[in-house]
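Report on the structure
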Amino acid sequence: MMAHNSFLLSLLITLAFLHLVNGSTFRITSYGAKADGVTDNSAGFLKAWSAACSASQAATLYVPSGQFLLHPALFSGPCKNSKIIVQVDGNLIASTDYKLYGAAGYIMKFNNVKGLSFQGRYIDGKGSALWACKAGKGNCPYGARVRKAANEAGVQNVTVKNVVFTGSTNGLRIKSWARSSTGFTKGIVFDGATMNNVANPIIIDQHYCPNNQGCSNQNSGVKISQVTYNNIKGTSATQVAVDFSCSASAPCQGIKMSNVQLTYKGQPAKASCDHAFGSSSGSVSPPSCLKSSASNRRLLGLGIQALSIASPPTSSQTSERNTVFSNKLLLHRSDPMAHNSFLLSFLLSLALLIHLVNGTTFSVMSYGAKADGVADNSAAFQKAWLAVCSASQAGILYVPSGQFLLHPTLFSGPCKNSKIVVQVDGNLVASPDYNLYGAAGYIMKFNNVQGLSFQGGYIDGKGSALWACKAGKGTCPYGARSLVFSNSRDITLTGLTSVNSELFHIVIDTCTNVKVDGLKITASSTSPNTDGIHVEQSTGVTITNSNIGTGDDCISIGSGTQNLWIEKIACGPGHGISVGSLGKDAQEAGVQNVTVKNVQQEVMKIKRKSSRLLKPSYPTSTHRPADVFIPLSQFGTVSFDTHVATL
């Protein structure tokens, strides 16, 4: 009896422990769901989800045995806990009326959740009715949505390892729509694949255009690079086993093939390449058709070669000679005729090389700009931009010395080339009439561009009139940001001076790989919301060697910022370097991997509307900000290294 009671006690303790580990169970039938295969259960499911998502501890949403019909059901977060299990022991089925799902484009969708585990069982999409509609060329909804936007994010660092394909149409495929895009695919590794009678074992298709609607006669702008195929073997159902059909405007770069063995009907298969560049190693069959270098590199090589083809003959009898060596180039001064001929050839070749590297220069003066500080030059700047953006090779948009008044000016991409320099030797000034910028919210904005370098210049935002309006509590617009980069990648901003912006001076919004260096930003210490540099929704931004003093944050870091490096910044006056404000939107993206190094400033802070705050520790110092707090949530890695804080 004693042993029996002890066993029961242990069992109860174990069950209690399991309850603590697994949390509460929310059964959908307790929230009105019916397992009859007829009743729409989306409301019952979502009520159960709301209960599980609102629980403060781990929870299980349980679907028992039976047939549960679902109309579109959206399971939204964030949740109060990060351990939710959706345990499905029944069958989830869609309605045969496919029109019910047309607007939503899904049966079930989980959005903005963390720590979710979906386990078991069975989903029947009832797709046959829609397939029949499409086969009959009827008026049918699309079904599941396919992403094809011009400004979509890229795909990178994907590894596919040890897979087997049997009788499929495609094996290892990369495809993109035949239309303009800022997207990219980079760092893809296919390592170990067996093909059994596959129609297209290895394929890159950048001419995808179903029914030739909206993309016919266009080139894909998606950039594909650094794709590796290693240890691929087997049989192809078609003669062309390797098909690299890349875009003429964005050729495939850096493709690597190693140890590839594919056959067709017992014989070596064939390979086809179009605008595809890369290399092969080891045993590769069919033989690689990849070109060794891209056309622009080949042109540059021709320019280098041009510097060496004009070298004059040497003379063994010449005692006096002056030799200049560059790229295997010898210039001898023994023969004046040969010297002059060579010098002319050298200068022509050098001009060719500089033209190939730097491209054509487009001066804003050639498009009607006036450097008088009075005439609005926005139209002339946009005409010059359109010309340089439409050029097929590298180009320079040049702003000479002088005062150039600008109303709101938008510089839009994508461009035909990814090496554009905006060289500003003059001053860009805003109108003191702040109402001109109210609707746009900027003076200059670059959107959807790649490979832009903005060098030098001086921007005067003429913000004092708006600051006075705000100080007087008048009816004032929110203000204009002086220079904005949005939805762009591979951007360089150097040597710029920005003064007296109405609002933020520099904004980097939804960008990738941005380098900012050598900026000087100033505004009155009493000017409102004049952040020096604001970064949000961006990845891979570096800000270095800059002096910033404004009436607000020297550098502000908004939601969605990742991999930000800040170094050698002199900050003040102003509100310091700030992470935030965050938490204004319930579902905003987080901030992670931020490094601030070697800065001198008045204060450094992380701000967010939250009650969960933790005071940070500081290195030994006679100056310690007493009002700086770091929230516990919302952040990945944020580090501050070697900073001097003064008050």
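For clarity, every value in this text was computed on a predicted model and none was experimentally measured.

**With respect to the state of the cysteines**
Taken as a whole and assessed by the stated rule, the structure comprises seven disulfides. Paired by a disulfide, Cys554 and Cys571 hold their sulfur atoms 2.0 Å apart. Taking the sign of the S-S torsion, about 85° here, the bridge from Cys554 to Cys571 comes out right-handed. Here Cys554 is found in the loop between strand 38 (539–549) and strand 39 (555–557), whereas its partner Cys571 is found in strand 40 (residues 562–571), with 17 residues between them in sequence.

**Here we look at the pairing of strand 35 (residues 512–517)**
Both strand 32 (residues 489–494) and strand 35 contribute to a ladder of five bridges, which runs parallel. The residue bridging Thr492 from the neighbouring strand is Lys515, located in strand 35. Sheet analysis places strand 35 next to strand 38, joined by five bridges and oriented parallel. Among the inter-strand pairings, Val516 is bridged to a residue of strand 38, identified as Ile543.

**Side note on unusual backbone geometry**
In this structure, Pro78 follows Gly77 across a cis peptide bond, with omega equal to 0°. As for its placement among the helices and strands, Pro78 is situated in the loop between strand 5 (73–76) and strand 6 (84–88). At the junction of Gly572 and Pro573, the peptide bond is cis and its omega measures out at 5° in the coordinates. Looking at the secondary structure, you find Pro573 in the loop between strand 40 and strand 41 (577–582). Positive phi is not limited to glycine here, since Asn162 has a value of about 55°. Looking at where Asn162 falls in the secondary structure, it is placed in strand 11 (residues 155–166). Unusually for a residue other than glycine, Asn448 sits at a positive phi of about 60°. Locating Asn448 in the fold gives a position in the loop between strand 28 (442–447) and strand 29 (452–455). Owing to a relative accessible area of 5%, Asn448 belongs among the buried residues under this scheme.

**What to know about the pattern of salt bridges**
Counting across every chain of the model gives four salt bridges. As a salt-bridge pair, Asp191 and Lys161 come within 2.9 Å of each other at their nearest N and O atoms. Highlighted residues: Asp191 in strand 13 (residues 184–198) and Lys161 in strand 11, separated in sequence by 30 residues. One salt bridge connects Lys462 with Asp460, and the closest N-O pair in it is separated by 3.4 Å. For Asp460, a relative accessible area of 11% corresponds to the buried category.

About the cut-offs
Residues numbered from 1 in each chain as written. Predicted model: local features only at pLDDT ≥ 70, side-chain atom pairs only at ≥ 80, totals over all residues. Heavy atoms only, no water. Disulfide = S-S within 2.5 Å. Helix = DSSP H or I, 4+ residues; strand = E, 2+ residues; numbered from the N terminus. Pairing = 2+ DSSP bridges. Buried < 20%, exposed > 50% of the residue type's maximum accessible area, 1.4 Å probe, protein only. Salt bridge = Lys/Arg side-chain N within 4 Å of Asp/Glu carboxyl O.

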